[in-house]
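Descriptive analysis of the structure
Listed below, chain by chain, are the residues.
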Amino acid sequence: MMHRDTAPAAAMLIGAPRAPSDDPEPAPEELLAQLIARAQELQDAERRLRGLLSANRVVVGDLALPAVLRHIVASACELARSRYGALGVIGPDGRLEEFVHYGIDDAAAARIDHLPERHGLLGALIDGPGSIRLHDVSGDPRSVGFPDGHPRMHSFLGVPIAVRGEVFGNLYLSERLDGEDFSAEDEELVLALAATAGVAIEHARLYAESRRRQDWLEASTEVTRHFLAASGAEPLQLIARKTREIADADVVTVVLPTADGHNLKVQVASGLGAQELTAFTYERANTLAGRAIESGKPMLICDITDEKDFSVHLTAMVPVGPVMAIPLAGERTRGALMIGRLHGRHRFSEADLEMATTFANHIALALELADARSDQQRIALLEDRDRIARDLHDHVIQRLFAAGLTVQSVGSVLRSEQHAARLDRVVTELDDTIRQIRTSIFALRGPLGPEIGTVRARSLEVVAEVSELIDFDPEVRFSGPIDAVVTDAMQDDLIAVIREALTNVAKHARAGRAEVDVEASATELTVVITDNGVGVGTTERRSGLANLQRRAQAHGGSLNVEALVKGSPEGPDHGTRLCWRVPLG
């Protein structure tokens, strides 16, 4: 190669026999100069080989891919004595998705407004992976010039970097420090470095992928442990946050179908636009999340802005490009995990999709286990409450009822009207106690049982809510087939009546006791709210009561509010009695 004439020169020096020649013998000084020149070439070659070995050690000495890429560019510039260097990473679509530069300071790099595109010499290197060595970049017909802010360059050397036969990127060098062109020896050395760089990049990729897999597994374990724990942050919020951190995403949402099945709702969101995206509801048809839920298969989109067949709800709030849609599929598909990066960022890989899918499958299984455990706890609690309710009904109520009958029979044979009246009041109190126990039996079911959403459950919730405004708990009694005869529209009005009446008691009555009686027959629904407060005031303001009046009239009913006076048979000796009555059927 560079020292091809060294052996004949050395043979001449040691007196080896030579063939006869008509050429004059070179002078000893000339031979010495040739030997010195060859020795310098050998020393330079040895130095550059040492430089190649040193560069190889530097390149393979790190396992973090960003650091490996920087080491490759810096080592190539040092090896080829180049002022500028860069390494372009080629994405799945053949475009440069990452560009690592050397020799240009941050201020100069910031003036270059975009990454190189697939044009000119860089495009030629991408389309036809092979080395390109030029005397002057601007003189090549494939050159398209430099963008604004880019330093002017002349000599150029570009070589591909291949990983397992696939071109990972290209190494670009420009401007030799001595002002000369890049030589064939420079190209050979840089190609040798590129071969080592390919191996180092492959190792760094595998290491990074193993670390990501470990992170996904650790996140899956943490979320599963959280699902099975009794307390902690909201589970779906934890899923979204962990997914965003590990997937290096800008926004993540958990999307669930609505009750009608025609729409999708963002249950939780993490990252950019999280506040605006949370509770965002949109039509399910022709959406990426809808397709993932229906098919039960994960979907990977390199750039959603190029898609015309379906939409992604993330774009309504965040300008995303790369997107993954992962179904949360166990025994049934619950929803989808939507993962997005901003437009212009690097794409998700197939490995990213695989790891996120495994994570989502583990989460779906954890959800199934959590639901099963919750159902078991719900059943155990309901069984315990049902046992208590049965005991109250079968023992306490029956004994009270029997005691009431006994007292009533005794009172009927007493000659003293005063004593008979006292026994009648005892019977009335026993009846009130029985109704209150029955109300408590329904309350025992609480929000966990099938009573949720019924008139009884909603009435008790409103009473509990308003009770926080007063110093006592109102007594609530139900009578008749309330849940069977009250329609949904009438139920909302009934709840409004209870809330408005008790709120007035809390604000104006200064009462120490309040009673709520809800009674339904086959033909009529009656709500009576009684308190022992100061009575109805003289103020002209009646907006709340007027609203209740309109609600009653809408159903063909009536509202009556009256003050209670001493000796009134309807309740306390003073206070207010509100009666809201509407016909049924």
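Residues numbered from 1 in each chain as written. Predicted model: local features only at pLDDT ≥ 70, side-chain atom pairs only at ≥ 80, totals over all residues. Heavy atoms only, no water.

So, the pattern of salt bridges
- Within the structure shown, the criterion is met by 20 salt bridges.
- The salt bridge partner of Asp178 is Arg176, with a shortest N-O separation of 2.6 Å.
- We note a salt bridge from Arg212 to Asp352, for which the minimum N-O separation is 3.4 Å. Here Asp352 lies in helix 10 (residues 350-413) and Arg212 lies in helix 6 (residues 184-228), a separation of 140 residues in the sequence.
- The buried category is assigned to Asp352, whose relative accessible area is 12%.
- Beyond isolated ion pairs, a larger network of salt bridges with shared partners links Glu475, Arg477, Arg513, Glu515 and Asp517. (Salt bridge = Lys/Arg side-chain N within 4 Å of Asp/Glu carboxyl O. Helix = DSSP H or I, 4+ residues; strand = E, 2+ residues; numbered from the N terminus. Buried < 20%, exposed > 50% of the residue type's maximum accessible area, 1.4 Å probe, protein only.)

A closer look at unusual backbone geometry
- Of note, Ala279 is a non-glycine position whose phi angle comes to about 75 degrees, a positive value.
- Within the element layout of this structure, Ala279 appears in the loop between helix 8 (274-277) and strand 8 (281-283).
- Even without being a glycine, Arg510 presents a positive backbone phi close to 50 degrees.
- Its place among the elements puts Arg510 in the loop between helix 14 (488-509) and strand 13 (514-520).
- Under the relative-accessibility criterion, Arg510 is labelled exposed at 69%.

Details of helix 3 (residues 65-80)
- Counted at 1.5 Å a residue, the expected span for helix 3 with its 16 residues is 22 Å, and the 23 Å between its end C-alpha atoms agrees.
- One or two steps after helix 3, the chain reaches Arg81, where phi turns positive at roughly 55 degrees. (Expected span 1.5 Å × (residues − 1).)

Some thoughts on the packing of aromatic side chains
- Enumeration according to the criterion identifies three aromatic pairs in this entry.
- Ring centres 5.1 Å apart and planes at 55 degrees place the aromatic pair Trp216 and Phe359 in the tilted group. Separated by 143 residues along the polypeptide, Trp216 in helix 6 and Phe359 in helix 10 bring together distant segments of the chain. Like Trp216, the residue Phe359 is buried in the burial classification.
- Each ring, one from Phe280 and one from Tyr282, has its centre 5.7 Å from the other, and the planes form 25 degrees; the classification is stacked.
- Classification of Phe280 by relative accessible area gives partly exposed; the value is 24%.
- Tyr282 gets classed as buried once you look at its relative accessible area, which sits at 11%. (Phe/Tyr/Trp six-rings, centres within 6.5 Å; stacked < 30°, edge-to-face > 60°.)

What to know about the sheet that holds strand 13
- Ordered by their spatial adjacency, five strands build an open sheet running 12-13-14-16-15, and the pairing between neighbours is mixed. Sheet topology places strand 12 (475-479) and strand 15 (558-564) at the edges, where each strand pairs with a single neighbour. Neighbour-to-neighbour, the strand axes of the sheet open up by a mean angle of 10 degrees, direction not taken into account.
- Against the sheet, helix 14 engages strand 13, strand 14 (524-531) and strand 16 (575-583), with an angle of about 10 degrees to strand 14. (Pairing = 2+ DSSP bridges. Axes fitted to C-alpha atoms, helices over the stretch in contact; angles between N-to-C directions. Contact = heavy atoms within 4.5 Å.)

Quick word on the side chain of Thr243
- Secondary-structure assignment places Thr243 in helix 7 (residues 235-246).
- Judged by relative accessible area, Thr243 falls into the buried class, the value being 0%.
- What Thr243 contacts, discounting residues up to four positions off in sequence, is Trp216, Val252, Leu337, Ile339 and Phe359.

Topic: the pairing of strand 14
- When you tally the buried positions in strand 14, you get seven out of eight residues, the bulk of the element.
- In terms of strand pairing, strand 13 meets strand 14 through seven bridges, oriented antiparallel. From the neighbouring strand, Val516 faces strand 14, where its bridge partner is Ile529.

As for the layout of surface pockets
- Reported here for the largest pocket is a volume of approximately 1300 Å³.
- Lining the largest pocket are 41 residues; nearest its centre among them are Leu65, Arg205, Arg212, Ser349 and Asp352.
- Broken down by secondary-structure element, the contributors of at least two residues to the lining of the largest pocket are helix 3, strand 1 (82-90), strand 2 (96-102), strand 5 (166-176), helix 6, helix 7 and helix 10.
- With 10 residues, the top contributor of residues to the lining of the largest pocket is helix 6.
- Per-class residue counts for the lining of the largest pocket are 22 nonpolar, three polar and 16 charged. (1 Å grid on protein atoms, 1.4 Å probe; cavity = no way out; pocket = protein on both sides within 12 Å on 5 of 7 lines; lining within 4 Å. Points joined across faces, edges and corners; volume = space filled by probe spheres on them. Nonpolar A, V, L, I, M, F, W, Y, C, P; charged D, E, K, R; others polar.)

Purely spatial values, then, with no claim about function.
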